Amino acid sequence: MITTAATTKRLTFEEYLAYNDGTDTRYELVNGELVPMSLGTGQHGGVAEFLNDNFRSEIQRLGLEWTSKQMLIGVRIPRGRDTSRIPDIVVISLSQWRDLRNREAVIELNEQPPLLVVEVVSESTKTTDYRAKRVEYNVRDIPEYWIVDLLNNKITVFTLVEELYEPVEFTGSDRIVSGTFPELELTVDRVLAAGE
């Protein structure tokens, strides 16, 4: 979740990776500016944890060489000045996760994009999640992007089709259809209830 910019000094990506203000605050880098990330509501955290657990279970059930991580992996974006986002959930291959073991956990521009990213919307992030991040993740060629909208009780799954995101909205008792996890049995109601 994004609040206000922490500094007006623009940083390079390398400065961002080395940045330490002595606090536990996590930052995204947006056009060279540090943007602090708040923890979000309990519902936000509960929904992200529920989805992450379900993705992990599905990965294990299918015996896939993937992993799902909650707010642990950054994704560098080719946008203007340096930009690096930290999605609520990132699904990547195990080999890619192993490659991140001994360096900053940011997927670089020359590396394979994540298989799927999820952002959970809050009041302070709705414009960023629907507009900026949609464009950024599209440009980064991330095959699937979920927006879990707690404000409007819906989940939008964006699938990359011929270099553009095609959105499909799910609400209520709709089963969420995912190209990454085609056998996943989750409804919007069930996901949203996880945050209660």
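Given the structure is predicted, the values throughout are model-derived calculations rather than measurements.

Parameters at a glance
- Residues numbered from 1 in each chain as written.
- Predicted model: local features only at pLDDT ≥ 70, side-chain atom pairs only at ≥ 80, totals over all residues.
- Heavy atoms only, no water.
- Helix = DSSP H or I, 4+ residues; strand = E, 2+ residues; numbered from the N terminus.
- Rg over C-alpha atoms; globule rule 2.2 N^0.38 Å.
- Buried < 20%, exposed > 50% of the residue type's maximum accessible area, 1.4 Å probe, protein only.
- Contact = heavy atoms within 4.5 Å.
- Areas by Shrake-Rupley, 256 points an atom, 1.4 Å probe, with all protein chains shown as cover.
- Lys, Arg positive; Asp, Glu negative; His and termini not counted.
- Charge placed at Lys NZ, Arg CZ, Asp CG, Glu CD.
- Pairing = 2+ DSSP bridges.
- Expected span 1.5 Å × (residues − 1).
- Bend = angle between axes of the 7 residues up to and from the residue.
- Salt bridge = Lys/Arg side-chain N within 4 Å of Asp/Glu carboxyl O.
- Polar contact = N/O pair within 3.5 Å; in protein donor to acceptor, adjacent residues only side chain to side chain.

### Digging into the overall build of the protein
When helices and strands are counted, the protein shows five helices and eleven strands. The C-alpha atoms of the protein give a radius of gyration of 16 Å, which matches the 16 Å a tight globule of 196 residues would have. Dimensions of the protein, computed from the C-alpha atoms along their principal axes, are close to 45 × 35 × 35 Å. Relative to its 196 residues, the protein shows a buried fraction of 46%. For the protein, restricting intrachain contacts to residue pairs at least 6 apart in sequence, the fraction spanning at least 24 positions comes to 59%. Carbon together with sulfur atoms contributes 48% to the accessible area of the protein, which is approximately 9,700 Å² in total. Both charge centroids of the protein, one from 21 positive and one from 32 negative side chains, sit 3 Å from each other.

### Observations regarding the pairing of strand β10 (residues 154-161)
Of the pairings in the sheet, the one linking strand β9 (residues 144-149) to β10 comprises six bridges and is antiparallel in character. Residue I147 lies in a different strand from β10, and its bridge partner there is T156. Joining the antiparallel neighbours β9 and β10 is a turn of four residues, in which N153 adopts a positive phi near 50°. With eight bridges connecting them, β10 and strand β11 (residues 164-171) associate as antiparallel partners.

### Some thoughts on helix α4 (residues 126-139)
Helix length check: α4, at 14 residues, gives a terminal C-alpha distance of 19 Å against a target of 20 Å (1.5 Å per residue), a fit within 8%. A maximum bend of about 40° is found in α4 at K133. Those residues of α4 lying buried are T128, D129, K133, E136, Y137 and N138.

### Structural notes on the environment of G46
Assignment of secondary structure puts G46 in helix α2 (residues 42-62). C-alpha of G46 to C-alpha of A194: the two residues are 148 residues apart in sequence and 5.8 Å apart in space.

### Remarks on the pattern of salt bridges
Taken as a whole and assessed by the stated rule, the structure comprises eleven salt bridges. A salt bridge links E33 to R10; the nearest nitrogen and oxygen atoms lie 3.4 Å apart. Taken together, the positions of E33 in strand β2 (residues 33-37) and R10 in the segment before α1 (13-18) put the pair 23 residues apart, joining distant regions of the chain. Where R175 meets E185, a salt bridge forms, and the shortest distance between an N and an O atom there is 3.5 Å. Here the residue R175 occupies a position in the loop between β11 and α5 (188-193), and E185 occupies one in the loop between β11 and α5, the gap between them amounting to ten residues. Within the structure, one salt-bridge network assembled from shared partners comprises E58, R61 and E183.

### Let's talk about unusual backbone geometry
Its identity is not glycine, yet M71 carries a phi of approximately 50°, on the positive side. Looking at the secondary structure, you find M71 in the loop between β3 (66-70) and β4 (74-77).

### Regarding the side chain of R85
Assignment of secondary structure puts R85 in strand β5 (residues 83-85). For R85, a relative accessible area of 2% puts it in the buried group. At 2.7 Å, the side chain of R85 forms a polar contact with the side chain of E136.

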